[in-house]
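Understanding the architecture of this molecule
The residues making up each chain are set out below.
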Amino acid sequence: MKLIDLFIKREQVTEEPPKDATEDKSNSPQDLLLKSLLKGEKITKESALSIPAISSAVDRLSNIVAMLPIKMYKYVLDEDGKKKKVEVEDDIRLKLLNQDTGDLLDPFQFKKAIVHDYLVDKGAYVFIERDKNSFKSLRYVEPDYISPLSNYDPIYKDAKYLVNGKEYELFNFITVLRSTKNGYKGTSAIEEISKSIETAFTTILYELGLVKKGGAKKGFLTATKKLGKDEIKLLKEAWDRYYGNNNEENVIILNDGLDFKEGASSSVELQVNERKKTLKDDIKDVFHIYDDYNNTIKDGAMPIISAIESALNKNLLLESEKGTFYFAFDTKNITRGNLKERYEAYKLASETGWMTKNEIRSEEDYDSIKGLDVISMNLANVLYDIKTNKYYTPNTGSVMNMEKGQGGDNK
């Protein structure tokens, strides 16, 4: 092997694409889960999402992000040479992100899938279909089909993606990762709370067993005298019917000399409900779900939004556009609070001159009205221009230049 081959050799991360869909799937999810718990294996994302608290948290955060439009901005210089941003409205990438991805998923499903994979899988991966510098479609790829190939260098890290046996460079994908240290694979929230989830699933399986048995407890029988084979056989059959799914068998009559001893504590004694509440609180902490909606947006949704924006700006912009253009979510629909809070904020903004009345109407998706492009000013205030060092008093109409040390109408 040539020396240069040693430097460019890549290692394949031990992640295989999904097996063929025709594979035998006779095992039920409950059986597979039970086997994994008994073997001490990590539970899968599918089994974890069957916990209501997890599926609810993921669904809530993904819906919040999915309903937001993505906008594109450009920095330009105004007449005074100042840098300002203007919104770009006619770029094909905006259509792909907000109207038609070019894939089977619509934009809402597309963004929801990204957040879902970001939270519960190794990351979200979107293939960018290009024709040279033109963008044609954004194609969501399930993480199970992505196999990262990484080199051995801890400093000059390099990687590629293997999809269905074909290699792709990282810049061919929009990659959104959670808690990553290598840039091609993230750490899901499920991995961080796996032990708590395993305990929760054991509890679920226990409760499921109680339901199937009609709430009956496990235990054993004691006899004061030796039973014959026929008696033991009949007793076992009766016991199987009682603990089975036969709803007709709801009572067992114990003959003289037989006694039932409990072999397991009840759900109350095991404090199942308390444990479920503790797990629910743990899950909320990991996903940053709070009773206060604003805190959920700030700690739960906004970091995800920032991660998606960073990924878009990295690989959905041309090199010549970076530093001049950027993508950003329009978050006003989730951050503007309820109707009363918004109107009180608008009132304060209008009275202090921060916003015109037409700007306020625009924020609420109303048409502008002629004559309302004005701001309110308090005539008792004195205005100071930090660039010209001039004071202006609206109440008297006088201007004073501090550099000349004169008042009145001196300009």
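Residues numbered from 1 in each chain as written. Predicted model: local features only at pLDDT ≥ 70, side-chain atom pairs only at ≥ 80, totals over all residues. Heavy atoms only, no water.

It is worth spelling out the sheet that holds strand S9 (residues 173–176) at this point. In spatial order, the strands read S5-S4-S9; together these three strands make up an open sheet with antiparallel pairing. Sheet topology places strand S5 (134–141) and S9 at the edges, where each strand pairs with a single neighbour. The sheet shows a mean angle of 20° between the axes of neighbouring strands, taken without regard to direction. Contacting strand S4 (124–131), S5 and S9, helix H6 (residues 107–120) crosses the sheet at an angle of about 135° to S4. On the sheet, helix H11 (residues 293–315) packs against S4 and S9 and is oriented at approximately 155° with respect to S9. (Pairing = 2+ DSSP bridges. Helix = DSSP H or I, 4+ residues; strand = E, 2+ residues; numbered from the N terminus. Axes fitted to C-alpha atoms, helices over the stretch in contact; angles between N-to-C directions. Contact = heavy atoms within 4.5 Å.)

One pass over the full model with this rule turns up 14 salt bridges. The residue Arg 93 makes a salt bridge to Asp 91 at a minimum N-O spacing of 2.8 Å. Grouping residues by exposure puts Arg 93 and Asp 91 together as buried. (Salt bridge = Lys/Arg side-chain N within 4 Å of Asp/Glu carboxyl O. Buried < 20%, exposed > 50% of the residue type's maximum accessible area, 1.4 Å probe, protein only.)

Now for the sheet that holds strand S13 (residues 383–385). Strand order in the open sheet formed by three strands is S13-S14-S15, with antiparallel pairing between adjacent strands. A single partner strand is all that each edge strand has here, and the edge strands are S13 and strand S15 (398–401). Strand-to-strand twist in this sheet, taken as the mean axis angle between neighbours without regard to direction, amounts to 20°. Bridge analysis of S13 against strand S14 (residues 390–393) gives three bridges, and the strand direction is antiparallel. Paired with Tyr 384 across the bridge in S14 is Tyr 391.

Another point: the side chain of Glu 309. When you line up the elements, Glu 309 lands in helix H11. Lacking a salt bridge, the buried Glu 309 has Lys 85 as its closest oppositely charged neighbour, with an N-O distance of 9.9 Å. A distance of 2.8 Å separates a polar side-chain atom of Glu 309 from the backbone nitrogen of Phe 329. With sequence-adjacent residues up to four places away left out, Glu 309 is seen in contact with Phe 327, Ala 328 and Phe 329. (Lys, Arg positive; Asp, Glu negative; His and termini not counted. Polar contact = N/O pair within 3.5 Å; in protein donor to acceptor, adjacent residues only side chain to side chain.)

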